[in-house]
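A look at the structure
Take a look at the letters that make up each chain.
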Amino acid sequence: MACAAVMIPGLQCSVGAVCTQGASLRLTFSTLRHLTVTSIMKSKRKTDHMERTASVIRREIVSAAKVCGAASESPSVKSLRLLIADQDFSFKAGQWVDFFIPGVSVVGGFSICSSPRLLEQERMIELAVKYTNHPPALWVHDKCTLDSEVAVRVGGEFFFDPQPAEASRNLVLIAGGVGINPLLSILRHAAHLLREQANKGHGYEIGSIKLFYSAKNTSELLFKKNILDLVNEFPEKIACSLHVTKQTTQISAELKPYITEGRITEKEIRDHISKETLFYICGPPPMTDFFSKQLENNHVPKEHIYFEKWW
């Protein structure tokens with residue numbers, strides 16, 4: 001795979017340097033088999049990703065991947081950029097990966113926060129992992145280095161993947177904490193669809209997009225610049241409302257117009273209900289339960305409500 005040597009903003013990664021080593025990404029079949037089978041067999045805790053998602057559809061492809069970038073997104077969240085070895089690996093915006101780590105018996109489960117377009121163009125995906133005592137998260141924060149080799153497999157039924165002929169829909173994205181990850185993937189994919197429509201005059205015609213995103217404080221609001229860049233790129237299509245629940249420091253001037261102190265309210269969401277709107281919710285279980293129930297109570301069809309719980 002040929003590509004230019006460029007530095008990716010915010011990540012310690014030279015794509016050109018990694019691409020020239022593409023052959024070394026190919027883990028042997030026996031290594032991949034050991035990673036997947038051993039990890040699945042040893043994933044014992046009831047709260048483990050593999051047990052919680054045992055009935056969820058997964059793709060068959062398990063691809064070797066190499067860490068080619070890492071950055072701190074907040075005091076507790078680290079992002080990774082992975083170069084994917086298998087050319088047949090693909091995903092839909094909003095899905096997650098089983099994350100297999102050599103020497104770690106427990107399988108991680110992390111939402112992809114990049115768009116499918118990045119994978120198509122650069123064979124890259126991005127993840128953002130919160131620090132916890134769970135072995136895969138500990139490995140990401142304490143042991144992962146550039147050029148670390150892992151393996152990934154796509155799964156999940158929480159995604160936005162409209163086809164060109166489908167009816168236009170508005171999107172309301174409701175995120176809490178690191179629940180922003182799959183919703184950022186959806187937001188980025190929506191922006192790609194808007195660019196396609198503007199540049200080519202065809203493709204899926206998306207409606208308006210509103211992101212509601214809540215965290216303890218502005219330092220824990222992940223990907224703020226990425227989100228606001230998209231709002232500024234498409235001011236008539238994309239809007240966001242950033243909520244902070246425990247802010248103790250002064251809010252910066254550039255963020256202030258978008259910040260509301262306090263939780264996301266039922267009324268804010270209710271104001272966006274229409275028959276053309278799809279709702280995607282990801283965050284702590286009490287949050288996802290509350291908003292999905294409130295939407296049902298306000299007569300939103302269940303098939304228009306999608307949610308993902310990660311804790």
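The protein chain appears in an unreviewed UniProt entry as Oxidoreductase NAD-binding domain-containing protein 1 from Cebus imitator.

Where helix α6 (residues 180-200) contacts helix α7 (residues 224-233), the axes come no closer than 11 Å and their chain directions differ by 25 degrees. Between α6 and α7, the angle is such that the two are roughly parallel. The two elements α6 and α7 meet at a crossing, and its hand is left-handed. Between α6 and α7, the contacting residues are I180, L184, L187, R188, A191 and R195 on the first element and N226, I227, L230 and E233 on the second.

A few words now on the packing of aromatic side chains. For any pair of aromatic rings, the description consists of the separation of the ring centres together with the inter-plane angle of the planes. If you walk through the whole model with that rule in mind, you get 7 aromatic pairs. Centre to centre, the rings of Y280 and Y306 are 4.7 Å apart; their planes meet at 10 degrees, and the pair counts as stacked. One end of the pair, Y280, is in strand β11 (residues 277-283); the other, Y306, is in strand β12 (residues 305-309), and 26 residues separate them in sequence. Take Y306: its relative accessible area is 26%, and that puts it in the partly exposed class. Here the aromatic residues F158, F160, Y204, Y280 and Y306 are joined through ring pairs into a cluster of three or more. Directly above the ring of F223 sits R188, whose terminal nitrogen or CZ lies 5.8 Å from the centroid.

This brings us to the pattern of salt bridges. Any two side chains of opposite charge can pair, so long as their charged atoms come close to each other. This model, assessed by the stated rule, comprises 12 salt bridges. A salt bridge links E126 to R81; the shortest N-O distance between them is 2.3 Å. Residue E126 is found in strand β5 (residues 124-130), and its partner R81 is found in strand β2 (residues 77-84); the two are separated by 45 residues along the sequence. Its relative accessible area of 11% is what places E126 among the buried residues. Ionic pairing is found between D98 and R153, a salt bridge with its closest N-O pair at 2.9 Å. Here D98, found in strand β3 (residues 96-100), pairs with R153, found in strand β6 (residues 149-155); they are 55 residues apart in sequence, far enough to count as distant. For D98, a relative accessible area of 0% gives the class buried.

So, about the confidence of the model for the protein chain. For the protein chain, per-residue confidence averages 88 on the pLDDT scale, and residues scoring 70 or more make up 85% of the total. Every residue in residues 1-26 is under pLDDT 50, and counting partners more than four places away or in other chains gives 49 contacts. Taken as a whole, residues 36-44 scores under 50 in pLDDT and shows 20 contacts with residues more than four places along the chain or in a different chain.

What follows concerns the side chain of Q247. Assignment of secondary structure puts Q247 in the loop between β9 (238-244) and β10 (259-261). A polar contact is formed between the side chain of Q247 and the side chain of T249, at a distance of 3.1 Å. Not counting the four nearest positions on each side in its chain, Q247 is found in contact with K216, N217, T218 and E261.

Moving on, we get to unusual backbone geometry. Positioned with a positive phi, R123 is a non-glycine residue whose angle comes to about 60 degrees. On the secondary structure map, R123 appears in the loop between α4 (116-122) and β5. Residue R123 is classed as buried on the basis of its relative accessible area, which comes to 9%. One non-glycine residue, D147, adopts positive backbone phi at about 80 degrees. If you trace the backbone, D147 turns up in the loop between α5 (135-142) and β6.

Next up on the list: α5. The complete set of buried residues in α5 reads P136, A137, W139 and V140. For α5, the arc enclosing every buried residue in end-on projection is 160 degrees, short of the 170-degree limit, so these residues lie on one face. Here the buried face of α5 lies against β2, β3, β4 (108-111), β5 and β6.

Looking now at the sheet that holds β5. As a general point, the strands of a sheet are linked pairwise by backbone hydrogen bonds and lie either parallel or antiparallel. Within the open sheet, the 6 strands sit side by side as β4-β3-β6-β1-β2-β5. Their pairing is antiparallel. The outermost strands of the open sheet, each flanked by one partner alone, are β4 and β5. The mean inter-strand angle of the sheet, taken between neighbouring strand axes irrespective of direction, is 40 degrees.

Conventions used here
- Residues numbered from 1 in each chain as written.
- Predicted model: local features only at pLDDT ≥ 70, side-chain atom pairs only at ≥ 80, totals over all residues.
- Heavy atoms only, no water.
- Axes fitted to C-alpha atoms, helices over the stretch in contact; angles between N-to-C directions.
- Helix = DSSP H or I, 4+ residues; strand = E, 2+ residues; numbered from the N terminus.
- Parallel < 35°, antiparallel > 145°, perpendicular 65-115°, else oblique.
- Left-handed = near helix turned anticlockwise from the far one by under 90°.
- Contact = heavy atoms within 4.5 Å.
- Phe/Tyr/Trp six-rings, centres within 6.5 Å; stacked < 30°, edge-to-face > 60°.
- Buried < 20%, exposed > 50% of the residue type's maximum accessible area, 1.4 Å probe, protein only.
- Lys NZ or Arg CZ within 6 Å of the ring centre and 35° of its normal.
- Salt bridge = Lys/Arg side-chain N within 4 Å of Asp/Glu carboxyl O.
- pLDDT = per-residue confidence, 0-100.
- Polar contact = N/O pair within 3.5 Å; in protein donor to acceptor, adjacent residues only side chain to side chain.
- Arc of directions from axis to C-beta.
- Pairing = 2+ DSSP bridges.

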